[in-house]
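Structural overview
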Amino acid sequence: MILLVSIILVGVSSCDTRFKAEAVLSQYVADLNRSQFLSVSSPTIVMPDSLPSSRHRQQNLTQFDIGLLDFLSLQQCDVGIVAGRKNSILGKVMPDSQRFLYELDIIRAIESCDIKNESLSEELHKIAQQKRLELPMAFGNALFNGAESEAFFSLSNGFLPLNYSTSEQQELLDSLNRLVVVGENLANLPVIDPSIFEGDLKILMDSEYAGRLLYSLARISSYLDLVASEVSLLDGNICGAPMIYLKQQFEAHYVKVIQPYIGRINSGAYQVLPLLNKLFELGEPLSRDMQTFSQQFSLKEASSEWQRYQFVSQYHAKQWSALFAKCSISIGGKS
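Residues numbered from 1 in each chain as written. Predicted model: local features only at pLDDT ≥ 70, side-chain atom pairs only at ≥ 80, totals over all residues. Heavy atoms only, no water.

**Quick notes on the packing of helix α2 (residues 20–32) against helix α11 (residues 241–282)**
Interhelical geometry of α2 versus α11 gives an angle of 165° and a closest axis separation of 9 Å. Between α2 and α11, the angle is such that the two are roughly antiparallel. Where α2 crosses over α11, the handedness of that crossing is left-handed. Touching Ala21, Val24, Leu25, Gln27, Tyr28, Asp31 and Leu32 of α2 are Tyr245, Leu246, Gln249, Phe250, His253, Tyr254, Val257, Ile258 and Tyr261, all from α11. Looking at the contact of α2 with α11 residue by residue, the class counts come to twelve nonpolar, three polar and one charged. (Axes fitted to C-alpha atoms, helices over the stretch in contact; angles between N-to-C directions. Helix = DSSP H or I, 4+ residues; strand = E, 2+ residues; numbered from the N terminus. Parallel < 35°, antiparallel > 145°, perpendicular 65-115°, else oblique. Left-handed = near helix turned anticlockwise from the far one by under 90°. Contact = heavy atoms within 4.5 Å. Nonpolar A, V, L, I, M, F, W, Y, C, P; charged D, E, K, R; others polar.)

**Structural notes on helix α8 (residues 170–184)**
Over its 15 residues, α8 extends 21 Å from the first C-alpha to the last, a length consistent with the 21 Å expected when each residue adds 1.5 Å. Those residues of α8 that sit buried are Leu172, Leu173, Ser175, Leu176, Leu179, Val180, Val182 and Gly183. (Expected span 1.5 Å × (residues − 1). Buried < 20%, exposed > 50% of the residue type's maximum accessible area, 1.4 Å probe, protein only.)

**Brief notes about the pattern of salt bridges**
This model, assessed by the stated rule, comprises 13 salt bridges. Glu122 is the partner of Lys126 in a salt bridge, and the nearest nitrogen-oxygen pair spans 3.7 Å. Taken together, the positions of Lys126 and Glu122, both in helix α6 (residues 118–144) and four residues apart, correspond to about one turn of that helix. Linked through salt bridges whose partners overlap, the residues forming this network are Arg99, Glu103 and Lys131. (Salt bridge = Lys/Arg side-chain N within 4 Å of Asp/Glu carboxyl O.)

**Thoughts on the environment of Asp31**
When you line up the elements, Asp31 lands in helix α2. Taking the C-alpha atoms as reference points, Asp31 and Tyr245, separated by 214 residues in sequence, lie 9.6 Å from one another. Sequence-distant contacts of Asp31, defined by excluding residues within four places in its chain, comprise Tyr245, Gln249 and His253.

**Looking at the state of the cysteines**
What the rule picks out here adds up to one disulfide. The disulfide partner of Cys239 is Cys327, and the gap between their sulfur atoms is 2.0 Å. An S-S torsion of about -85° defines the bridge between Cys239 and Cys327 as left-handed. A residue pair is termed long-range when its members are at least 10 positions apart, and Cys239 in the loop between α10 (209–231) and α11 and Cys327 in the segment after α13 (305–326) qualify at 88 residues. Residue Cys327 is classed as buried on the basis of its relative accessible area, which comes to 13%. (Disulfide = S-S within 2.5 Å.)

**A look at the packing of α8 against α11**
Remark: α8 packs on α11, axes separated minimally by 10 Å, with the N-to-C direction vectors making an angle of 30°. As far as their axial angle goes, α11 and α8 are roughly parallel. Note on packing geometry: the crossing formed by α8 with α11 is left-handed. On α11, the residues that touch Leu172, Leu173, Leu176, Asn177, Leu179, Val180, Gly183 and Glu184 of α8 are Gln271, Val272, Leu275, Lys278, Leu279 and Leu282. Residues that form the contact of α8 with α11 fall into these classes: nine nonpolar, three polar and two charged.

**Points about the side chain of Asn277**
Along the chain, Asn277 falls in helix α11. In terms of polar contacts, Asn277 uses its side chain to reach the backbone carbonyl oxygen of Phe297, at 3.0 Å. Residue contacts for Asn277: discarding those within four places in its chain leaves Ser294, Phe297, Ser298 and Leu299. (Polar contact = N/O pair within 3.5 Å; in protein donor to acceptor, adjacent residues only side chain to side chain.)

**Structural notes on the nonpolar core**
Core analysis: the biggest nonpolar cluster contains 94 residues, and Phe100, Phe153 and Trp320 have the highest contact counts within it. Sorting elements by how many residues they give to this core places α11 first, with 16 residues. With residues up to four places along the chain from it excluded, the contact list for Phe100 reads Leu135, Ala138, Phe139, Ala142, Val182, Leu186, Ile192 and Phe197. (Core = buried A, V, L, I, M, F, W, Y, C linked by side-chain atoms within 4.5 Å.)

**Things to note about the packing of aromatic side chains**
Evaluation of the coordinates by the stated rule reveals 21 aromatic pairs. Ring plane angle 35° and centroid distance 6.1 Å describe the contact between Phe280 and Phe297, whose orientation is recorded as tilted. Of this pair, Phe280 sits in helix α11 while Phe297 sits in the loop between α12 (288–294) and α13; the two residues are 17 residues apart in sequence, bridging distant segments of the chain. On the basis of relative accessible area, Phe297 is assigned to the buried category, the value being 2%. (Phe/Tyr/Trp six-rings, centres within 6.5 Å; stacked < 30°, edge-to-face > 60°.)

**A few points about unusual backbone geometry**
Backbone phi values are negative for most residues with the exception of glycine, while trans is the configuration of most peptide bonds. Note that the residue after Glu284, namely Pro285, is joined by a cis bond; omega there is 5°. Structurally, the position occupied by Pro285 is in the loop between α11 and α12. For Glu208, which is not a glycine, the phi torsion comes out positive at approximately 55°. Tracing the sequence through the fold places Glu208 in the loop between α9 (194–207) and α10. On the basis of relative accessibility, which here comes to 22%, the residue Glu208 falls in the partly exposed class.

**Details of the confidence of the model for the chain**
Overall, the prediction assigns the chain a mean pLDDT of 87, with 87% of residues at 70 or greater. Ranking the elements of the chain by mean pLDDT puts helix α1 (residues 2–15) last, at 38, and α8 first, at 97. Below pLDDT 50 for its whole length, residues 1–15 participates in one contact with residues either more than four positions away or in separate chains. (pLDDT = per-residue confidence, 0-100.)

Now the structure itself:
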């Protein structure tokens, strides 16, 4: 029975592609450690900041309520209809994506309605002006506060697949581009097809891309940083047979497997991250917790997870290059 359980567990693990990259990185370290000159410990799991809870990422919007008399006076234009939709039982619990579409509709309805009652007209136009100011927050709520964003940014989905290819992310890129266009045109009150908008959010959810990228960057950085730090301590005394062994492991694990994987990650990230960062910008002001979380994806902030990953990748390559130079060894060639 114990043997059967063990076989089942191994089978389940082998079918789970989320953490195959971890096995590859771990094997790189394990084989380097077979040399008496290196002792690289496996990195402790230090997770990036996870997506804040809903209450710490949602921005509060102004509530709009109209009385019965005002409601009756607005039946000749769309304001009463749109407001009634929000004040219905389902409207009171509408998700943030639908609330964003409602905000566009109510502003458009108010501004297009010829209201004879001067005081009511003035009151409604003040509401419309306030809602225009809040549109970026409503847009940010729609993007970052639903079930879709929880899946898109989740760290529990593990690494990007080892065989990840940018050819698989065209649908994601198309969705991000459409969302950016929406965000850039908020002042024009864009008319949005709800099915396309909700479909784009679902594409983000199904991709699980942002969380997988963040997790991959953090774990790769941890492994490469430890290896680079150990390699930096080696000197010319290792030249000869020990160095030949290390070169073989470097080529077998890093050059042939890890480096191409990193290259695929970089290629995809350079397409996605500018769009994702643009959406963060278009959704401002974000909550403080959400702003801290979003900065991990920054292409510019020195403290971002992306920049740390870039620095460590270069540091790792430089330390190996320096060691090979000490021993007059070229990569891909003979010593």
